[in-house]
Amino acid sequence: MTDKITDGRSDKAEIADEPTRRTILKATGLTALGAYVGMNIPFEGNLMALAQGMSEEDIMSGKNGLVLLNDRPLNAETPAHLLDDDVTPYKHFFIRNNGFVPDSALDMDAEGWTLTIDGEVDTALELSIGELKSRFEEVTLRLVLECGGNGRAFFNPGASGNQWTTGAVGCADWTGVRLSDVLNAAGIKSSAVYTAHHSDDPHLSGDPDKEVISRGVPIEKALAEGGIIAWAMNGEPIPAVHGFPLRLVIPGYPGSASQKYVNRIQIRDQEHDGAKMTGYSYRVPAYPVAPGTEVPEEDMVVLTDMPVKSLITFPQSGAQAAAGEAMEVRGHAWSGSGDVASVDISIDFGATWTPAALEAPVNKFAWQRFRADVTLPQAGYYEVWARATDLNGVSQPPVVPGWNPRGYGNNMQHRIAMIAT
Ligand SMILES: Nc1nc2c(c(=O)[nH]1)N[C@H]1C(S)=C(S)[C@@H](COP(=O)(O)O)O[C@H]1N2
Ligand SMILES: [Mo]
């Protein structure tokens with residue numbers, strides 16, 4: 001098997017897992033960096049930090065092999081073959097920022113940080129990170145985080161927003177306290193309907209009164225298994241771009257529910273209407289629409305559970321294999337509603353399917369490893385397709401499902417190209 005990548009898509013630049021730091025460092029500011037945007041450059045380093053004037057050293061302790069979609073705000077996705085680890089390392093974890101990274105995160109300064117719980121609660125709480133650690137049971141959960149717009153690039157007609165292909169997803173180990181434990185300690189009133197998550201990341205406009213993003217989830221989801229208020233990612237303090245010093249991870253829902261830099265969780269008696277909760281943000285039509293339909297705003301509803309999905313992480317698309325010899329194909333499967341029941345593999349464009357071996361998740365909402373022995377019968381071009389099915393018998397479709405104006409929730413079957421020689 002070779003390392004050569006072709007990605008199966010002719011419009012894609014080759015992606016190398018090599019640092020291109022010199023190229024990036026030669027760029028002197030946002031204008032110069034902007035010249036790279038859209039070029040699918042691989043990058044190492046925190047470009048936003050560079051833009052904000054951080055030192056070269058700080059930037060070096062960075063990302064590797066991600067594809068930059070935008071530098072203002074910073075958005076970068078991960079090629080599928082770099083998501084092969086059971087636990088996605090920092091260097092390969094996608095970044096989705098709606099605003100700037102706060103200076104307190106860039107400085108890794110958690111001094112005086114507090115988390116407020118207020119609204120429809122019996123007792124409002126203001127907790128330091130020390131109090132969170134001492135008052136509540138510490139847990140570590142392996143949780144998938146996937147942007148609601150992952151797969152947007154495949155919608156036709158296209159949808160505005162970051163053109164994520166398959167790489168706005170990762171699965172890390174998050175350490176913190178259960179969201180439900182903290183909410184229950186405040187005492188949830190019967191009037192509680194929805195959470196509202198707040199942080200102070202600076203808005204791109206520079207307006208200090210504007211919130212970048214403030215989303216929430218139904219109170220039942222907030223109190224359900226899986227939600228965590230985390231201070232560590234993969235055993236280390238959460239890195240600046242991922243929400244230092246505290247973030248929510250509410251698995252199963254679009255990644256936007258997982259507020260970074262979180263400093264306040266308000267409990268509301270109605271659906272939250274904060275930044276990016278209303279209009280067309282993270283919303284889909286309440287009924288099926290034809291591609292390209294202009295859907296009235298009042299017919300849009302909040303995107304909740306993410307659909308069942310899988311990703312082939314080995315081999316890399318475009319790899320070669322020996323005809324007639326078995327080789328391993330593997331990847332991960334996950335679902336917003338919980339466990340995945342099965343994964344099947346096809347090498348004939350979905351005409352026939354063969355079951356893969358599927359591991360149980362480490363905990364609910366962790367992704368599940370699948371493996372299959374695949375033999376490409378004779379020399380030539382093949383595609384390997386993967387299809388996950390959840391516990392309700394719902395599978396991934398072979399085509400982009402449910403067109404919607406902003407391109408959310410695409411769980412089309414993932415496919416890679418392979419050459420048998
Ligand atoms: N404070 C804050 N939290 C945020 C965001 C943000 O821009 N600011 N982006 C959200 C979105 S849309 C996603 S998909 C995830 C991405 O998390 P990551 O950058 O750690 O991968 O964070 C969410 N939480
Ligand atoms: Mo997102």
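Residues numbered from 1 in each chain as written. Chains lettered and ligands numbered in written order. Predicted model: local features only at pLDDT ≥ 70, side-chain atom pairs only at ≥ 80, totals over all residues. Heavy atoms only, no water.

Focus on the nonpolar core
A general feature of soluble globular proteins is that nonpolar side chains tend to end up buried together.
Part 1 of the reasoning: With 39 residues, the main nonpolar core has Ile117, Leu132, Ile229, Leu246 and Ile265 as its most contacted residues.
Part 2 of the reasoning: Of all the secondary-structure elements, those providing two or more residues to this core are helix H5 (103-106), strand E5 (114-119), strand E6 (125-128), helix H6 (129-135), helix H7 (179-186), helix H8 (219-223), strand E10 (228-233) and strand E13 (262-268).
Part 3 of the reasoning: Among the elements that make up this core, the one with the highest residue count is H7 (four residues).
Part 4 of the reasoning: If you look at the next biggest cluster of nonpolar residues, it comprises 22 residues, including Met327, Val343, Val374 and Leu376. (Core = buried A, V, L, I, M, F, W, Y, C linked by side-chain atoms within 4.5 Å. Buried < 20%, exposed > 50% of the residue type's maximum accessible area, 1.4 Å probe, protein only. Helix = DSSP H or I, 4+ residues; strand = E, 2+ residues; numbered from the N terminus.)

Some points on the sheet that holds strand E23 (residues 380-390)
Strands pair in a sheet through their backbones, by hydrogen bonds, and they do so in one of two ways: parallel or antiparallel.
Part 1 of the reasoning: Spatial ordering of the open sheet is given by E17-E24-E23-E19-E20, a layout of five strands whose pairing is mixed. Either end of the sheet is taken by a strand with one partner, and the two such strands are strand E17 (319-321) and strand E20 (354-355).
Part 2 of the reasoning: Judged from the three bridges that link them, E17 and strand E24 (residues 414-420) form a sheet pairing that is parallel. Bridging from a neighbouring strand, Ala319 pairs with Met418 of E24. (Pairing = 2+ DSSP bridges.)

So, the site of ligand 1
Part 1 of the reasoning: Close to ligand 1 lie 20 residues; Asn98, Asp201, His242, Arg247 and Lys260 are nearest.
Part 2 of the reasoning: With respect to ligand 1, the backbone of Arg96 contributes an N or O atom lying 2.9 Å from an oxygen atom.
Part 3 of the reasoning: A distance of 2.5 Å separates an oxygen atom of ligand 1 from a polar side-chain atom of Lys260.
Part 4 of the reasoning: Per-class residue counts for the shell around ligand 1 are eight nonpolar, eight polar and four charged. (Near = heavy atom within 4 Å. Polar contact = N/O pair within 3.5 Å; in protein donor to acceptor, adjacent residues only side chain to side chain. Nonpolar A, V, L, I, M, F, W, Y, C, P; charged D, E, K, R; others polar.)

Some details on the sheet that holds E5
Part 1 of the reasoning: If you trace the four strands from one edge of the open sheet to the other, you get E6-E5-E13-E9, paired in mixed fashion. Sheet topology places E6 and strand E9 (194-199) at the edges, where each strand pairs with a single neighbour. In this sheet, neighbouring strand axes are inclined to one another by 15° on average, regardless of whether the strands run parallel or antiparallel.
Part 2 of the reasoning: Here four bridges tie E5 to E13, and the two strands are oriented parallel to one another. Considered in E13, the bridge of Ile117 is made with Ile265.
Part 3 of the reasoning: Each of E5, E6 and E13 is contacted by H7, which is oriented at about 135° to E6, the strand it contacts most. (Axes fitted to C-alpha atoms, helices over the stretch in contact; angles between N-to-C directions. Contact = heavy atoms within 4.5 Å.)

Concerning the environment of Leu106
Part 1 of the reasoning: With respect to the helices, strands and loops of the structure, Leu106 is situated in helix H5.
Part 2 of the reasoning: Here Leu106 falls in the buried class, since its relative accessible area comes to 13%.
Part 3 of the reasoning: Separated by 135 residues in sequence, Leu106 and Val241 place their C-alpha atoms 8.0 Å apart.

A word on the pairing of E10
Part 1 of the reasoning: Of all the six residues making up E10, six are buried; the element is thus mostly covered by neighbouring parts of the structure.
Part 2 of the reasoning: Two strands pair when backbone bridges link them, and strand E8 (residues 169-178) and E10 are joined in this way by five bridges, in the antiparallel orientation. Directly across from Gly176, in E10, lies its bridge partner Ala230.
Part 3 of the reasoning: Examined bridge by bridge, E10 and strand E11 (residues 236-237) share two bridges and lie antiparallel to one another.

Some points on a negative patch on the surface
Part 1 of the reasoning: There is a patch of like negative charges on the surface, built from Asp103, Asp107, Asp109 and Glu111.
Part 2 of the reasoning: In this structure Asp109 comes out as partly exposed when scored by relative accessible area, which is 39%. (Patch = residues over 30% accessible without salt bridge, like charges linked within 9 Å, V, L, I, M, F, W, Y side chains within 5 Å. Areas by Shrake-Rupley, 256 points an atom, 1.4 Å probe, with all protein chains shown as cover. Salt bridge = Lys/Arg side-chain N within 4 Å of Asp/Glu carboxyl O. Lys, Arg positive; Asp, Glu negative; His and termini not counted. Charge placed at Lys NZ, Arg CZ, Asp CG, Glu CD.)

Thoughts on the confidence of the model for the chain
Part 1 of the reasoning: For the chain, mean pLDDT is 88; residues scoring 70 or higher make up 86% of the total.
Part 2 of the reasoning: Within the model, pLDDT remains below 50 along residues 54-61, and this stretch shows twelve contacts once partners closer than five positions in the same chain are excluded. (pLDDT = per-residue confidence, 0-100.)

Focus on the side chain of Lys309
Part 1 of the reasoning: With respect to the element layout, Lys309 can be found in strand E16 (residues 309-314).
Part 2 of the reasoning: Take Lys309: its relative accessible area is 8%, and that puts it in the buried class.
Part 3 of the reasoning: At 2.7 Å, the side chain of Lys309 forms a polar contact with the side chain of Glu146.
Part 4 of the reasoning: Setting aside its immediate chain neighbours within four residues, Lys309 contacts Glu146, Asn150, His332, Ala333, Trp334, Ala388, Gln396, Asn410 and Asn411.

Points about the pattern of salt bridges
Part 1 of the reasoning: In total, this model carries 14 salt bridges according to the counting rule given.
Part 2 of the reasoning: Here Asp86 and Arg369 are joined by a salt bridge, their closest N and O atoms 2.9 Å apart. Within this pair, whereas Asp86 is found in the loop between strand E3 (74-77) and strand E4 (95-96), its partner Arg369 is found in strand E22 (residues 368-375), the two being separated by 283 residues in sequence.
Part 3 of the reasoning: Linked by salt bridges that have partners in common, Asp84, Asp86, Glu328, Arg330, Glu359, Arg369 and Arg371 make up one network.

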